[in-house]
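Examining the three-dimensional arrangement
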Amino acid sequence: MGFLESTALYNMLRGPLVWLAFIIFIVGSFYKVYSLVKQAKGEKVVLPFINFRSFIRSVIHWLIPFGSRSWRLRPVFTIITFSFHISLVFTPIFLLAHNLLWYESWGISWWTFSESLADIFTIIVIIGCVFLILRRIFSPVVNFVTFKSDIAFILICFFTFLSGFLAYHQWLLPYKAMLNVHILFGEVMLISIPFTRLAHMFYFFLTRAWMGSQFALWGTKDW
Amino acid sequence: MATKVNEKEKVLSRDFPKYVRDIIKDPGLDETVQKLTPEKIEKAYNAVFGKLSSRVKAIIETCMHCGLCAEACQWYLSNDKDPTYAPVAKMRMTAWELINRKGKVDKEFVKQCARIVFTECNICHRCSMYCPFGLDITFIIGLVRRFCFLLGVVPQRMMEMNQAFMATLNQVWMSQNDYIDALLWRDEEGAPDLKGFKIPIDKEGAEIVWFPLAAEPKSGFYHIDRIAKIMHVAGVDWTMCSKEGWDSSNMPMFIRDFVTMQRIVKGLFESAARLRAKRIVLTE
């Protein structure tokens, strides 16, 4: 416990490891998308068929809750997955405490959520993680195709948000220890995005571009 | 006649205990699979999955295994929502397992793959419409079909159809004489009904060239004069091709025999180019 609470660990996590995590996240993500598009360009059978208009139409329909038939068929899943993903992406960006860190380091800041709103979003993410894990266990279709990595993604996300929530409320562990755990999980999450299937946050647009264009070619809609 | 199937007579999968099916005997699968060796399987694997294309990579690295595609699949819906019929499950049992094991699989696995991709998926693309990422699951199924085809493990009926195409470029073993004869016969049959009725054969410079399905001259011949009458009454400038390469059904596509697929499509376009037709009309 002493090590977890130590300022040395905090300085390490807050200093070089943050740089490392962000550099790997940004460079890695760019590289992943760039290499895939470059490979597709070399294959000559993908890019000529991309139709920008149908790509935009497809993405918009799938990014709106209940915008596609698949979403409408499963209303509970749709509501949970949308609130989960929105909270997951925007809470870290607009959290007051994160903003303060940016301000302390570089003197920049932007809009923030109120702390109670951020609390609600965090709880949504935690509940969403629990729901997704339960779904992986109890839904036969999902259970059949569950790999260890699927559970790992959810757990990384779950512990990041749970430790953040507990640190803010100063529950369970001492504040400093919980904060270090939170930063550690956050950095693991950032690093794992480009190298695992968490890259679906970028690939979503690429795969939708391909299928949206294909369905436009066949004269039908894909939502 | 419905017979009660004994529990012992089911196909049990070693790798996937949930995959239980009735035994279906098919020489195309049962006999060809006996000739396979691990080297052959690995060679076929390397030819298809050796270097993953960008589309395969994108599908494998994006799929979050959410199972939303299941709701789209008629196989899944009509089999009491058996999870092994879900599109993602079919990918998981065939392509992912092949890629995970780098092609080091045994005969039984190849047979099971062939059974899944040939007899439990129609390549209809509905799953792509239900997938939040729009992943082309059927493209992966097609690749596994290609893998099975390279090994010769294809349901007998599909393989025989393909052999008909290889030999005669149509799916019903119809000779060129029979084909032309069928056209001339339907020309005669239709003549009394309409004034000036004629099935124009090899008319150069016509606007439309119509390629029938092989079943039409073979068994559904009345379709030929019906279409001809429609064309005649509509006053369309059209023609039919007498040379080889008139069958528009591309059955080799279903087992991903690229060479024969190409011969058919190339044949149709070359026929149309030779007749200097502006448009090609196919029977669906």
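Residues numbered from 1 in each chain as written. Chains lettered and ligands numbered in written order. Predicted model: local features only at pLDDT ≥ 70, side-chain atom pairs only at ≥ 80, totals over all residues.

1. Describing the overall build of chain A
A tally of regular secondary structure across chain A gives 12 helices and 0 strands. Scanning chain A from its N terminus toward the C terminus, one meets helices and strands in the order α-α-α-α-α-α-α-α-α-α-α-α. Seen through its principal axes, chain A has C-alpha atoms that stretch 60 × 40 × 35 Å. In chain A, which comprises 223 residues, the proportion classed as buried is 29%. (Helix = DSSP H or I, 4+ residues; strand = E, 2+ residues; numbered from the N terminus. Buried ≥ 20, exposed ≤ 12 C-beta atoms within 10 Å, placed from the backbone.)

2. Digging into the interface of chain B and chain A
Facing the 29 residues of chain B at the interface are 28 residues of chain A. Looking at the side of chain B that touches chain A, the elements with two or more residues in it are helix 3 (54-62), helix 5 (87-100) and helix 7 (126-130) of chain B. It is helix 3 of chain B that provides the largest number of residues to the side of chain B that touches chain A, a total of 6 residues. Residues that form the side of chain B that touches chain A fall into these classes: 14 nonpolar, 8 polar and 7 charged. (Contact = placed C-beta atoms within 7 Å. Nonpolar A, V, L, I, M, F, W, Y, C, P; charged D, E, K, R; others polar.)

3. Thoughts on the packing of helix 6 (residues 75-94) of chain A against helix 8 (residues 115-138) of chain A
Residue and element names in this part refer to chain A. For the pair helix 6 and helix 8, interaxial distance at closest approach is 8 Å and the crossing angle is 130°. In terms of orientation, helix 6 lies oblique with respect to helix 8. Helix 8 is crossed by helix 6, and the crossing has left-handed handedness. Counted together, Ile80, Ser83, Phe84, Ser87, Leu88 and Thr91 of helix 6 and Ala118, Phe121, Thr122, Ile124, Val125, Gly128 and Phe131 of helix 8 form the full contact between these two elements. Of the residues that constitute the contact of helix 6 with helix 8, the class distribution is 8 nonpolar, 5 polar and no charged. (Axes fitted to C-alpha atoms, helices over the stretch in contact; angles between N-to-C directions. Parallel < 35°, antiparallel > 145°, perpendicular 65-115°, else oblique. Left-handed = near helix turned anticlockwise from the far one by under 90°.)

4. Some thoughts on the packing of helix 2 (residues 38-49) of chain B against helix 8 (residues 137-151) of chain B
Residue and element names in this part refer to chain B. In the contact formed by helix 2 and helix 8, the axes pass within 9 Å of each other and the chain directions differ by 140°. The element helix 2 and its partner helix 8 pack so that their crossing is right-handed. Only Leu143, Arg146, Phe147, Leu150 and Leu151 of helix 8 make contact with helix 2, whose side of the interface consists of Lys40, Ile41, Ala44, Tyr45, Ala47, Val48 and Phe49. Class assignment for the residues of the contact of helix 2 with helix 8 results in 10 nonpolar, no polar and 2 charged.

5. Overview of helix 12 (residues 222-234) of chain B
Residues and elements named next belong to chain B. Over its 13 residues, helix 12 extends 18 Å from the first C-alpha to the last, a length consistent with the 18 Å expected when each residue adds 1.5 Å. Looking at the buried residues of helix 12, the elements they touch are helix 10 (176-190), helix 11 (215-218) and strand 4 (238-239). Trailing helix 12 by a residue or two, Gly235 shows a phi angle of about 70°, which is positive. (Expected span 1.5 Å × (residues − 1).)

6. Quick notes on the UniProt feature "transmembrane region" (unreviewed entry) in chain A
All names here are of chain A. Taking the UniProt record as the reference, the feature "transmembrane region" (unreviewed entry) is found at residues 12-33, 76-97, 117-138, 150-171 and 183-206. Measuring from the first to the last C-alpha atom of residues 12-33 gives 30 Å, for a span that is 95% helix and 0% strand. A helix fraction of 100% and a strand fraction of 0% characterise residues 117-138, whose end C-alpha atoms lie 31 Å from each other. (UniProt positions renumbered as here; feature names shortened; annotations may be inferred.)

7. Here's the deal with the confidence of the model for chain A
Averaged over all residues, the pLDDT of chain A equals 91, while 100% of them reach at least 70. For chain A, the element scoring lowest by mean pLDDT is helix 1 (residues 2-5) of chain A, at 78; helix 8 of chain A scores highest, at 94. (pLDDT = per-residue confidence, 0-100.)

8. So, the nonpolar core
All names here are of chain B. Cys69, Val110 and Cys148 are the most contacted members of the largest nonpolar core, which has 118 residues in total. Inspection of this core shows a minimum of three residues originating in each of domain 1 (8-154) and domain 2 (164-282). Those residues in contact with Cys148, other than ones at most four positions away along the chain, are Val110, Cys113, Ala114, Val117, Val153 and Val154. (Core = buried A, V, L, I, M, F, W, Y, C linked by C-beta atoms within 7 Å. Domains from an automatic or database assignment.)

9. What about the sheet that holds strand 4 of chain B?
Residue and element names in this part refer to chain B. Reading across from one edge, 4-3-5 is the order of the 3 strands in this open sheet, with parallel pairing throughout. Of all the strands in the sheet, the pair left with one neighbour each is strand 4 and strand 5 (279-282). Looking at chain direction, strand 3 (residues 208-211) and strand 5 are connected through 4 bridges and run parallel. Bridge assignment links Phe211 to a residue of strand 5, and that residue is Leu282. (Pairing = 2+ DSSP bridges.)

10. Focus: the environment of B:Lys218
Looking at where B:Lys218 falls in the secondary structure, it is placed in helix 11. Those residues within four positions of B:Lys218 in sequence are excluded, and the remaining contacts are B:Val172 and B:Met174.

11. What to know about the pairing of strand 3 of chain B
Pairing of strand 3 of chain B with strand 4 of chain B, which is carried by 2 bridges, proceeds in the parallel orientation. By the bridge assignment for strand 4 of chain B, B:Val209 is matched with B:Thr239.

12. A closer look at the domain arrangement of chain B
Where the parts come together, the accessible area they lose is often given as the size of the interface. When the domains of chain B are assigned, the result is domain 1 (8-154) and domain 2 (164-282). Relative placement of domain 1 of chain B and domain 2 of chain B: their C-alpha centres are 35 Å apart.

13. Some thoughts on the UniProt feature "domain: NarG-like" (unreviewed entry) in chain A
Under the present numbering, the feature "domain: NarG-like" (unreviewed entry) in UniProt falls on residues 116-167 of chain A. Secondary structure content for residues 116-167 of chain A is 92% helix and 0% strand, and the end C-alpha separation is 15 Å.

14. Topic: unusual backbone geometry
In this model, A:Gln170 sits at a positive phi of 55°, which is unusual for a non-glycine residue. Judged by the 11 C-beta atoms lying within 10 Å of it, A:Gln170 is exposed. For B:Asp202, which is not a glycine, the phi torsion comes out positive at approximately 55°. For B:Asp202, the location among the structural elements is in the loop between helix 10 and strand 3. B:Asp202 sits in the partly exposed class, given 15 other C-beta atoms within 10 Å.

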